[in-house]
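So the chains spell out like this:
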Amino acid sequence: MANLLHSKGSRTQIYKTLPSNNVGNDGDIILSQIQGRGVFLCSKVNGRWHVSNKMEELRKIEKTSIKDLKTDRLTIGTTKITKNEYDVSSGNFTIDGAGDITIDAGSGNIYVKNNGGNYTPGSDYEIATKKYVDDEAGEHFMDWYYANVDLATQNKFYSGLHNESSVSDSIDTDLTSSAYTTTTLNNGWRMVRYARRVPYSGTVTKFMVHLESTGAAADSDVEVALWWADALADDTAHNSTTNFTCDHLCTLTFDFSAATKFMTKQTTSFNATSISEGDWVFVTLRKTTSGDGSSFYVHPTMLWNGE
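Described in the following lines is the structure provided in the data block. (Residues numbered from 1 in each chain as written. Predicted model: local features only at pLDDT ≥ 70, side-chain atom pairs only at ≥ 80, totals over all residues. Heavy atoms only, no water.)

1. Some points on the packing of aromatic side chains
To keep it simple, the criterion reads: For this analysis, a ring pair means two rings from Phe, Tyr or Trp (six-membered ring only for Trp) whose centres lie within 6.5 Å, classed as stacked if their planes differ by under 30 degrees, edge-to-face if by over 60, and tilted for the remaining angles. Helix and strand definitions here come from DSSP, where helices need a minimum of 4 consecutive H or I residues and strands a minimum of 2 consecutive E residues; each element is numbered from the N-terminal end. Note on geometry: a ring has a charge over it if NZ (lysine) or CZ (arginine) is within 6 Å of the ring centre and within 35 degrees of the ring normal.
Inspection of every chain in the model, using the stated rule, returns three aromatic pairs. On the numbers, 5.4 Å between centres and 85° between planes, the contact of Phe157 with Tyr180 is edge-to-face. Remark: Tyr180 occurs in the loop between α2 (172-175) and β11 (184-185) and Phe157 occurs in strand β10 (residues 157-158); sequence separation between them is 23 residues. Its end group placed over the ring of Trp280, Arg197 keeps NZ or CZ at 4.6 Å from the ring centre. Taking the ring centre of Phe254 as reference, the NZ or CZ of Lys265 above it sits at 5.6 Å.

2. Focus: the environment of Ala195
Rule in force here: For the exposure calls, accessible area comes from a 1.4 Å probe over protein chains only, and a residue counts as buried if that area is under 20% of its type's maximum, exposed if over 50%, partly exposed in between. Any two residues having at least one pair of non-hydrogen atoms within 4.5 Å are treated as being in contact.
Following the sequence through the fold, Ala195 ends up in the loop between α3 (189-192) and β12 (196-197). Judged by its relative accessible area of 13%, Ala195 falls in the buried class. The sequence separation of Ala195 and Phe282 amounts to 87 residues, and the corresponding C-alpha distance is 4.5 Å. Discounting chain neighbours no more than four positions away, the residues touching Ala195 are Trp280, Val281 and Phe282.

3. Notes on the nonpolar core
How we decide: Remark: nonpolar core denotes a set of buried residues (Ala, Val, Leu, Ile, Met, Phe, Trp, Tyr, Cys) joined through side-chain atoms within 4.5 Å.
Counting residues in hydrophobic clusters, the biggest one holds 30 residues, and the most contacted among them are Phe207, Val224, Leu226, Leu285, Val298 and Met302. Of all the secondary-structure elements, those providing two or more residues to this core are β9 (146-149), β13 (202-213), β14 (220-229), β15 (244-256), β18 (280-287) and β19 (296-306). Examining the composition of this core, we find that five residues originate from one element, β15, more than from any other. When neighbours within four sequence positions are excluded, Met302 is seen to be in contact with His140, Phe141, Met142, Trp144, Val204, Lys206, Phe207, Leu226, Ile275 and Val281. With 14 residues, the next largest nonpolar core counts Ala179, Leu185, Phe244 and Phe282 among its residues.

4. A look at the sheet that holds strand β6 (residues 79-82)
Sheet strands line up and pair through hydrogen bonds in the backbone, either parallel or antiparallel. As a reminder of what qualifies: Should DSSP find at least two bridges between two strands, the strands are taken to pair. Axes here mean lines fitted to C-alpha atoms, for a helix over just the part in contact, with angles spanning 0 to 180 degrees between N-to-C directions.
Strands sit in the order β5-β6-β7 across an open sheet of three strands; the sheet is antiparallel. Each edge of the open sheet carries a strand with a single partner, namely β5 (73-76) and β7 (85-88). Adjacent strand axes in the sheet meet at a mean angle of 10°, parallel and antiparallel pairs treated alike. Relative to β7, β6 runs antiparallel, the two sharing four bridges. Its bridge partner lying in β7, Ile81 is registered against Tyr86.

Here you go:
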């Protein structure tokens, strides 16, 4: 009996609130029945009231009550759970279900981010975002090849079919006045005869060119440019002189200081990158130095991501 502070305590009382410290004596017990919260056992020790967790009804003894547990914040190791956030401060977080796992945002969106920023998947089992799918939906290329071409006149624009051994200066009529700032081709036939149709919509990602100077002058500077022209309406008879909206996408400049040399260049920088199914793309060549402009071999390739 030496550990007892009181040999006889006061009668147990029932409160509708939790007791304040100025109520009762050490050893007193109060049952607090709080509306909407439950029943709590309170005991006063050393002048302070202590309270146990919410009590269960007798009929629920040895039955789980975890469904009745409510809290706004719970910390387990390095994991903090609040009413609207599950925060793992270090290490990995794994969701492992024997069946399906469903993430349902109701009327909102589901975002995947990397440290608050853009996320790009890097392996087969990582989640693919919409941006990644759009960017990687399809990788396509388009080739041109000109063999033994003659860029006879300095600063004149030349173009040719994608597999021709010659080029024509017809396109120069529409480009000569404004050069790379041209936005309208006044006679469509000069372009469509030497352009290629775009089979899939997408985004231009790279332009790469192999240029060989064989029998040309030792000092030869050549510009190889990529262009876009808008599609006209299908199932319509257009005049050959119909205007086309166009845009200069990029230019690669080659500087040869000796003959019988070749060089490769590429760029991922463009004035515009969007192309649509049915549009036109064409390549122009322009020699900016004087002297012999014959015998160039040119192999341009355009890459784009799309449908």
